[in-house]
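Here are the chains, one letter per residue:
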Amino acid sequence: MNYLSELLKLPVLDVDGKRLGVVNDLGIATGEVFPHVTSLAFQGPGKTPFMISWRKYVDHVDDEGVHLKTRDTDVRFSFLQPDELLLARDILNKQIVDTQGLKVVRVNDLKLSSSGENQLRLLGAEVGARGLLRAMHPALERFAARIARAVGHPLEEEIIAWSYMDLLERSTQTIKLSVSHKTLDELHPADIADIIEQLDPRLRGQVFAQLDTAQAAEAISEFDDDDLVAEVLEGMSDRDASSMLALMDPDDAADLIEELDYEKAEKLLRLMGVKEERAIRNLLGYGESTAGRIMTSEFVALSATDTAEDAIEAIRRLDEDFESVYYVYTLDGTGALTGVLSLRTLIVADREERLCDLAYRDVVWVSPDLDQEEVADEMAKYDLVAVPVCDENRHMLGIVTVDDALDVIAEEHEEDLQIAGIGSGDAVQGESTHVLSWFARRHYWILVWAVASGIIAALLGSLGVGSQRFIYPMCAMPAVLLTASRFSAFVRNYFLEYDEREHEGAPYVAFLLQTTAIGVVLALVVFLCGQLMVGAAFTGGEQALPARLFTACFGCAAGTVLVSAASSVVYLKALFWRDEHDMNTSGTAMSLLAVLIAGALYAVAATIYVAVLAG
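Worth saying up front: this structure is predicted, and the values here are computed from it rather than measured.

## A word on the nonpolar core
Stage number 1. Counting residues in hydrophobic clusters, the biggest one holds 54 residues, and the most contacted among them are Phe208, Ile220, Phe223 and Leu233.
Stage number 2. When residues of this core are assigned to their parent elements, the largest contribution, five residues, is made by helix 9 (residues 226-235).
Stage number 3. In this structure, Leu233 is in contact with Ile220, Ala241, Met244, Leu256, Leu260 and Lys264, ignoring residues within four places of it in sequence.
Stage number 4. Counting residues in hydrophobic clusters, the runner-up holds 33 residues, among them Leu7, Phe42, Ile52 and Leu68.

Printed below as a string of structure tokens:
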């Protein structure tokens, strides 16, 4: 009896073998590394619940049941103590946080260890398939294990050891588990965010509430899901949410504030201190996706006439939660940026040396209206970990730090992947390993081909031409659909590689000429392929009806290919327009639209030609 599922429903027998009921739970004390089983809960006659001390009354456990040391008349019932919990009620089938694996898992069974005849210890939680099968029926688990062993892939146990255990909140009956003796609030904020994002929605707020205000501020700034951010903030009291946002870096707080409705955002801002509110409102005043929006107003800037000792002392006086200091900037008498020096320069410099003599004067800076992607490019070009943001008079407004630049790069990369037809959940390297996903994304044109052929057959039948003649337009249709799909991919790649800084204006005219020229070549190739098929398959010459039908269909296909090529500029214009309005575009959706339009144009033209020639 090594698992809780095997103990449940066992009979409870007194010393004379009299049946008192069946086991329905075990109690443990949470204060030990591997907790002892302290209580036995069983269901007596009439489904009456009872609980007794394990150490005092249980003699041993075997396949026949749980055997007690005394007669039923000598048993005294007890109650669950404050430091105890019930395994089946509080842990089994509940979500736990594995802080070593940094993931949320569900407990399918619990593994026990016997130490002596009447001592049981809790070793760990079974979170794998074996525990789930065993909970359904032990025979099912054994059968599945034999099958898995026979095919060379043994069904292994997935046990997470309970080297530390604590309840997040007693009323939630949700457990926090750690192999490394870390508790949830000791993890890195990014790890906390990952864990909370994996939890069921009903538990997120309860888990988030276990963090103090500073920890909550750091964790929420790491959330990737904007809707989740809004959900968590809506679940907090206005004062708590305002205090948390005030502790965050102003740029992170501004991003979160923007996700809320106007009334909620204004209320939270008014509850903040004047300094924090002003900093966030200043950032919200800049356009979205600009340097001003992602910059932080926390930086170190001193007069150029100050000394290295003054700079070091200024850094010492900063608050612990101050934005990371990468550089010290120097200003002239009007407050304009004149130079920059690294911390290393400060450390090795003579304490009395003036900053103007130490600073690097050729400072790279950006304007607050510059696009955030160009800011990230500038930082990458000059290998900067922070870049100052200045107005037209070089007065510093803030700095953009490397972590914000990395977020921008990741965001732009995600948008590029989406335009290219790769979702955020897809593997970037290689194709999707899921057969249906791979087929739906890459070969949906086959389904369009089949559906369109069926529609053409139905139309020809309704016109009295004969539905069997759909075979002629069906043969040429793949060339149309594949060409439309490839031109869609060409448009996406052109858009992703286009650099506005190297070109003046939108490239629509040049792009139209380029795609039209390609379309003419492809149209000729399609039509000539049709002529080769006619010459090889029909001996009656071009006057024979089948030959004329094939020629007409391939002629329609060539015309549709040319139209698809020339109309590609419309898709390019749509991509630029949506990008200017910060709207994401799915590459797969755009490709599907192009294929459907091309298929519809070809189907109409081919149906008309076949009906006329055959009629």
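Next comes the rest of the account.
## Points about a positive patch on the surface
Stage number 1. Together, Arg55, Lys56, Lys69 and Arg76 make up a region of like positive charge exposed at the surface.
Stage number 2. Inspection of the secondary structure assignment puts Lys69 in the loop between strand 6 (65-68) and strand 7 (84-86).

## Examining a nonpolar patch on the surface
Stage number 1. A surface patch of nonpolar side chains, amounting to about 410 Å² of accessible area, comprises Val520, Leu524, Phe527, Leu528 and Leu562.
Stage number 2. Sorting elements by how many residues they give to the nonpolar patch places helix 23 (residues 508-537) first, with four residues.
Stage number 3. Checked against the element boundaries, Leu562 lands in helix 24 (residues 545-566).
Stage number 4. Assessed through its relative accessible area of 32%, Leu562 is described here as partly exposed.

## As for unusual backbone geometry
Stage number 1. Its identity as a non-glycine residue notwithstanding, Lys47 has a phi of 60 degrees, on the positive side.
Stage number 2. Within the secondary structure, Lys47 sits in the loop between strand 3 (37-43) and strand 4 (49-53).
Stage number 3. Taking the relative accessible area as the measure of exposure, Lys47 reaches 67% and is therefore exposed.

## Topic: the pairing of strand 18 (residues 386-390)
Stage number 1. A large share of strand 18 lies buried, amounting to five of its five residues.
Stage number 2. Across the two faces of strand 18 the burial is the same, with Ala386, Pro388 and Cys390 and Val387 and Val389 all buried.
Stage number 3. In this structure, strand 18 lies alongside strand 19 (residues 396-401), joined through five bridges in antiparallel fashion. By the bridge assignment, Cys390 is partnered in strand 19 with Met396.
Stage number 4. Hairpin geometry of strand 18 and strand 19 is characterised by an intervening segment of five residues between the two adjacent antiparallel strands and by a positive phi of about 65 degrees at Arg394.

## A word on the packing of aromatic side chains
Stage number 1. What the rule picks out here adds up to nine aromatic pairs.
Stage number 2. Seen in terms of ring centroids, Phe50 and Phe77 are 4.6 Å apart; in terms of plane orientation they differ by 25 degrees. Their pairing is stacked. Residue Phe50 is located in strand 4, and its partner Phe77 is located in the loop between strand 6 and strand 7; the two are separated by 27 residues in the primary sequence.
Stage number 3. A relative accessible area of 24% places Phe50 in the partly exposed class.
Stage number 4. The partly exposed category is assigned to Phe77, whose relative accessible area is 48%.
Stage number 5. Here a set of aromatic residues connected by ring pairs shows up, and it is made of Phe42, Phe50 and Phe77.
Stage number 6. Above the face of the Tyr3 ring, Arg134 is positioned so that its terminal group lies 3.5 Å from the ring centre.

## Points about the environment of Leu4
Stage number 1. Topologically, Leu4 is positioned in helix 1 (residues 4-7).
Stage number 2. C-alpha of Leu4 to C-alpha of Asp109: the two residues are 105 residues apart in sequence and 6.5 Å apart in space.
Stage number 3. The contact partners of Leu4, leaving out residues within four places of it in the chain, are Leu26, Leu87, Ala88, Leu92, Asp109, Leu110 and Leu112.

## Some points on the pattern of salt bridges
Stage number 1. Following the criterion strictly, the structure yields 13 salt bridges and no others.
Stage number 2. With a shortest N-O distance of 2.7 Å, Glu258 and Arg293 are connected by a salt bridge. Of this pair, Glu258 sits in helix 11 (residues 250-258) while Arg293 sits in helix 14 (residues 291-294), and the two are 35 residues apart along the sequence.
Stage number 3. The partner of Glu266 in a salt bridge is Arg270, with the nearest N and O atoms 3.8 Å apart. With a gap of four residues between them, Glu266 and Arg270 both fall in helix 12 (residues 262-271), about one helical turn apart.
Stage number 4. Assessed through its relative accessible area of 16%, Glu266 is described here as buried.
Stage number 5. The class for Arg270 is exposed, based on a relative accessible area of 55%.
Stage number 6. What emerges from the salt-bridge pattern is a single network uniting Asp109, Arg130, Arg134 and Glu141.

## So, the packing of helix 23 against helix 25 (residues 568-580)
Stage number 1. Across the interface, helix 23 lies against helix 25 with an axial gap of 9 Å and an inter-helix angle of 145 degrees. Judged by the twist between their axes, the crossing of helix 23 over helix 25 is right-handed. Counted together, Tyr508, Phe511, Leu512 and Thr515 of helix 23 and Ser568, Val569, Leu572, Lys573 and Phe576 of helix 25 form the full contact between these two elements.
Stage number 2. Classifying every residue of the contact of helix 23 with helix 25 gives six nonpolar, two polar and one charged.

## Thoughts on the state of the cysteines
When the sulfur atoms of two cysteines share a covalent bond, that bond is a disulfide.
Stage number 1. Per the stated rule, a full pass over the model turns up zero disulfides.
Stage number 2. Not part of a disulfide, Cys475 finds its nearest cysteine sulfur in Cys553, a span of 8.2 Å.

## As for the environment of Val340
Stage number 1. Summarising the element assignment, Val340 is placed in strand 17 (residues 337-342).
Stage number 2. Between the C-alpha atom of Val340 and that of Arg361, which follows or precedes it by 21 residues, the distance is 6.7 Å.
Stage number 3. Here Val340 is in contact with Tyr327, Val328, Tyr329, Thr330, Ala359, Tyr360 and Val363, once residues within four sequence places are set aside.

Rules behind the numbers
- Residues numbered from 1 in each chain as written.
- Predicted model: local features only at pLDDT ≥ 70, side-chain atom pairs only at ≥ 80, totals over all residues.
- Heavy atoms only, no water.
- Core = buried A, V, L, I, M, F, W, Y, C linked by side-chain atoms within 4.5 Å.
- Buried < 20%, exposed > 50% of the residue type's maximum accessible area, 1.4 Å probe, protein only.
- Helix = DSSP H or I, 4+ residues; strand = E, 2+ residues; numbered from the N terminus.
- Contact = heavy atoms within 4.5 Å.
- Patch = residues over 30% accessible without salt bridge, like charges linked within 9 Å, V, L, I, M, F, W, Y side chains within 5 Å.
- Areas by Shrake-Rupley, 256 points an atom, 1.4 Å probe, with all protein chains shown as cover.
- Salt bridge = Lys/Arg side-chain N within 4 Å of Asp/Glu carboxyl O.
- Lys, Arg positive; Asp, Glu negative; His and termini not counted.
- Charge placed at Lys NZ, Arg CZ, Asp CG, Glu CD.
- Pairing = 2+ DSSP bridges.
- Phe/Tyr/Trp six-rings, centres within 6.5 Å; stacked < 30°, edge-to-face > 60°.
- Lys NZ or Arg CZ within 6 Å of the ring centre and 35° of its normal.
- Axes fitted to C-alpha atoms, helices over the stretch in contact; angles between N-to-C directions.
- Left-handed = near helix turned anticlockwise from the far one by under 90°.
- Nonpolar A, V, L, I, M, F, W, Y, C, P; charged D, E, K, R; others polar.
- Disulfide = S-S within 2.5 Å.

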